[in-house]
Structures are given as structure tokens and as C-alpha cells.
2 protein chains.
Amino acid sequence: MSKTKALPLIESTGRQSVEPCCPPLTERPFTADEAETAARMFKALGDPVRLRLFTLIASHEGGEACVCDISDVGVSQPTVSHHLKKLKEAGLLTSERRGTWVYYRVEAPALAGMSQLLPHTPAPSPASA
Amino acid sequence: MSKTKALPLIESTGRQSVEPCCPPLTERPFTADEAETAARMFKALGDPVRLRLFTLIASHEGGEACVCDISDVGVSQPTVSHHLKKLKEAGLLTSERRGTWVYYRVEAPALAGMSQLLPHTPAPSPASA
DNA sequence: CGCTTGTTTCGACGACTGTCGATATCTGGT
DNA sequence: ACCAGATATCGACAGTCGTCGAAACAAGCG
């Protein structure tokens, strides 16, 4: 019944440049819809356990990892599964079963879409000059 | 009583290059501490109302705005104040009173620190060939 | 000094979230 | 067919979160 749709936050155009859901945070005020979409991304990474799981997978070989490899973050196995599901619903991960094991993989375009929300400026420090 | 300390997530070195709290998400598994710190940032932006307030301020002239300018996001004024406080505690905003009004300003270094958590790669699309 | 306007704090309430143990499902091997 | 290991789902529970109205606090003005 939950309306958790796995919207990938970026359009999978198959191109090199991703289509972010929203402009950079500093460009213009977000509409309610944009805020809703972008907030879902940030929220997904807004939990320490999820962040650890994500970095665990992202830094793993090939950007993917078996659940059995990342189940050691201090919470029970059901909780790990729960968080992986959340990340998957947020479009940040995909999963694939290979025999007995399930492998989670980083959805790189989604991550790239997120990165485009933040300005890449080298922190304009007015105190410098 | 709340242990909400406004840790700015990056070191205010006064330099052009900011000191991010953690390496990029894809570089290596975060420690529990790193995950805690980074999650706090993402969490702060993980609410639609906060995101709208933030973009409202960030896109405002000079990267700052009076509370009276941004109180129209669909929630009550106390709630706006509550969210602004949260963003401030996360180190993403600062506030300053000028006479009757209070101005909130984007803490650019914090934003830059966040941006360094996400890989700036142009989304490696394996389907491109 | 008291009124008005702008902003924050307080207290309460419902909703959501992270967590767990128990259980179900899936897969491969015996 | 059965069992064992891996993962997901379920149901429950405590804690957090977003929200509000009421009230407090701050600043300017008459």
C-alpha cells in the first residue's frame, strides 16, 4: 500500500550527461515537487547505517557487493535488508540475485544526478582576497 | 538539553579548497563516525520544506534572505522557524538579526563540503560504448 | 510606556522510522 | 524430499520528526 515508487531521480537517457531532477540548490527556489523529489534522495542517505551500507557497496569491487559482505554494520540482518530496500526504492541501488546470494549495485546515474544538485564551486571564500 | 551541536561539517580553513568531513561516497567504506557526520548533512536536506527554504535562501540575492521573505512554503511560521533552526544546526545556514528582522545566509563552505562527497563523474553509462 | 509586528520557544499530538525477533521465501546440495 | 544457508517480510515497539496553536521574546514606533 505504500506509495514508495522507485523513481530514479534522473532520467536514464543512456547518455553521458545525466538529467538531474532539479537545478543546483543555489540556482532558484525549488518547487514543491522538486523539493519532494530531491528531499527523497537526501533522506535516503540521511541515515548513518544506510550511508555505511552505501559506501560499503560503492567502494566494493565493481561497485557491487553481496549482502553477506556488508552485513557487519552493527545492526541485525533484517535491519540491513530493510535499509537496502530503502536505498533501492530511492533509486540509489539495484539488486540482482545470483544463486544463493543477492548482489546490490550502485546506480551511478542517480549518484551523478545528486551531485549536480550541489554547486561544484571551490567554496568562494570572501576572506581570501 | 539537546546535544545538537552545530558542527559545520567542514573545517573553516579560510582557504579556497574546503576540508570535507569524509571522502567521496564511492571511495571507501565510511567509518561509523564519518557516517554519522555525513548523514546529519543529508538528513538536514532530506525534508521538502527544508529544501525549499534552503533553495529560497540560496537563490536569494546575496545568498541570504529575511525570514519574512521565505515564510510562504505552506507551513505555519513556527514550523518555518523550526526548520531554519535545523538547517542552522546542521551548519548549512547562519542567522543574523538586523533590527526587527532576522536574516538567514547560506554557509557556502558547508555546501561545498557536501558536494565533495559526491563523485563528479559524468555518469559512466556502459550502454554508450 | 504600551502597542504592533517579526521571530522564537514551548507543549502537545499524530505520523513516520529504525530496530528487533520470529517467520517466510528462495536456492543449492544431499 | 529434506535440510541448511542466505535473504526478505511481518508485526511490534520505542524513539524521533514535522506540525500546529499558544505564548514568550525582541525591536521599533506612537
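Residues numbered from 1 in each chain as written. Chains lettered and ligands numbered in written order. Predicted model: local features only at pLDDT ≥ 70, side-chain atom pairs only at ≥ 80, totals over all residues. Heavy atoms only, no water.

J.: Help me understand the pattern of salt bridges, please; the structure alone is not making it clear to me.
T.: Two side chains bearing opposite charge may form a pair once their charged atoms approach each other closely. In total, this model carries 8 salt bridges over all chains according to the counting rule given. A salt bridge links Glu64(A) to Arg98(A); the nearest nitrogen and oxygen atoms lie 2.9 Å apart. Of this pair, Glu64(A) sits in strand β3 (residues 64-66) while Arg98(A) sits in strand β4 (residues 93-98), and the two are 34 residues apart along the sequence. Given a relative accessible area of 33%, Arg98(A) falls into the partly exposed group. Arg105(B) is the partner of Glu64(B) in a salt bridge, and the nearest nitrogen-oxygen pair spans 3.0 Å. (Salt bridge = Lys/Arg side-chain N within 4 Å of Asp/Glu carboxyl O. Helix = DSSP H or I, 4+ residues; strand = E, 2+ residues; numbered from the N terminus. Buried < 20%, exposed > 50% of the residue type's maximum accessible area, 1.4 Å probe, protein only.)

J.: Would you take a moment to explain the protein's contact with DNA strand D for this structure?
T.: Neighbouring DNA strand D are 25 residues; Ser81(A), Tyr104(A), Arg50(B), Ser76(B) and His83(B) lie closest to it. Near the protein, meaning within 4 Å, the atoms of DNA strand D are sugar or phosphate in a fraction of 77%, with bases accounting for the rest. Gln77(A) is positioned such that a nitrogen or oxygen atom in its side chain is 3.4 Å from a base nitrogen of DNA strand D. At 2.4 Å from a phosphate oxygen of DNA strand D is found a side-chain nitrogen or oxygen belonging to His83(B). Among the secondary structure elements, those contributing two or more residues to the surface near DNA strand D are α3 (77-89) and β5 (101-106) of chain A together with α2 (48-58) and α3 (77-89) of chain B. (Near = heavy atom within 4 Å. Polar contact = N/O pair within 3.5 Å; in protein donor to acceptor, adjacent residues only side chain to side chain.)

J.: What is the right way to look at the pairing of β4(A) in this model?
T.: Side-chain direction in a regular strand flips from residue to residue, so the side chains alternate between the two faces of the sheet. All names here are of chain A. Pairing analysis gives 6 bridges linking β4 to β5, with the strands arranged antiparallel. In the sheet register, serine 95 faces β5, and the bridge partner there is tyrosine 104. In textbook terms, the turn of a hairpin is the stretch between consecutive antiparallel strands, and for β4 and β5 this stretch comprises 2 residues, one of which, glycine 99, has a positive phi near 65 degrees. (Pairing = 2+ DSSP bridges.)

J.: Mind showing me how you'd approach the nonpolar core here?
T.: Most often, soluble globular proteins have nonpolar side chains that are buried together. Counting residues in hydrophobic clusters, the biggest one holds 68 residues, and the most contacted among them are Phe54(A), Phe42(B) and Phe54(B). Dropping the residues within four chain positions of it, Phe54(A) is found in contact with Leu45(A), Leu87(A), Leu92(A), Leu93(A), Val106(A), Leu111(A) and Leu25(B). (Core = buried A, V, L, I, M, F, W, Y, C linked by side-chain atoms within 4.5 Å. Contact = heavy atoms within 4.5 Å.)

J.: What should I look at first to understand the protein's contact with DNA strand C in this one?
T.: Around DNA strand C, the structure places 25 residues, and the nearest of them are Arg50(A), Ser76(A), His83(A), Gln77(B) and Tyr104(B). Sugar and phosphate atoms represent 74% of those atoms of DNA strand C found within 4 Å of the protein. At 2.8 Å, a side-chain N or O of Thr79(A) approaches a phosphate oxygen of DNA strand C. Measuring from a phosphate oxygen of DNA strand C, one finds a side-chain N or O atom of Ser81(B) at 2.9 Å. For the surface near DNA strand C, the elements supplying multiple residues, two or more each, are α2 (48-58) and α3 of chain A together with α3 and β3 (101-106) of chain B.

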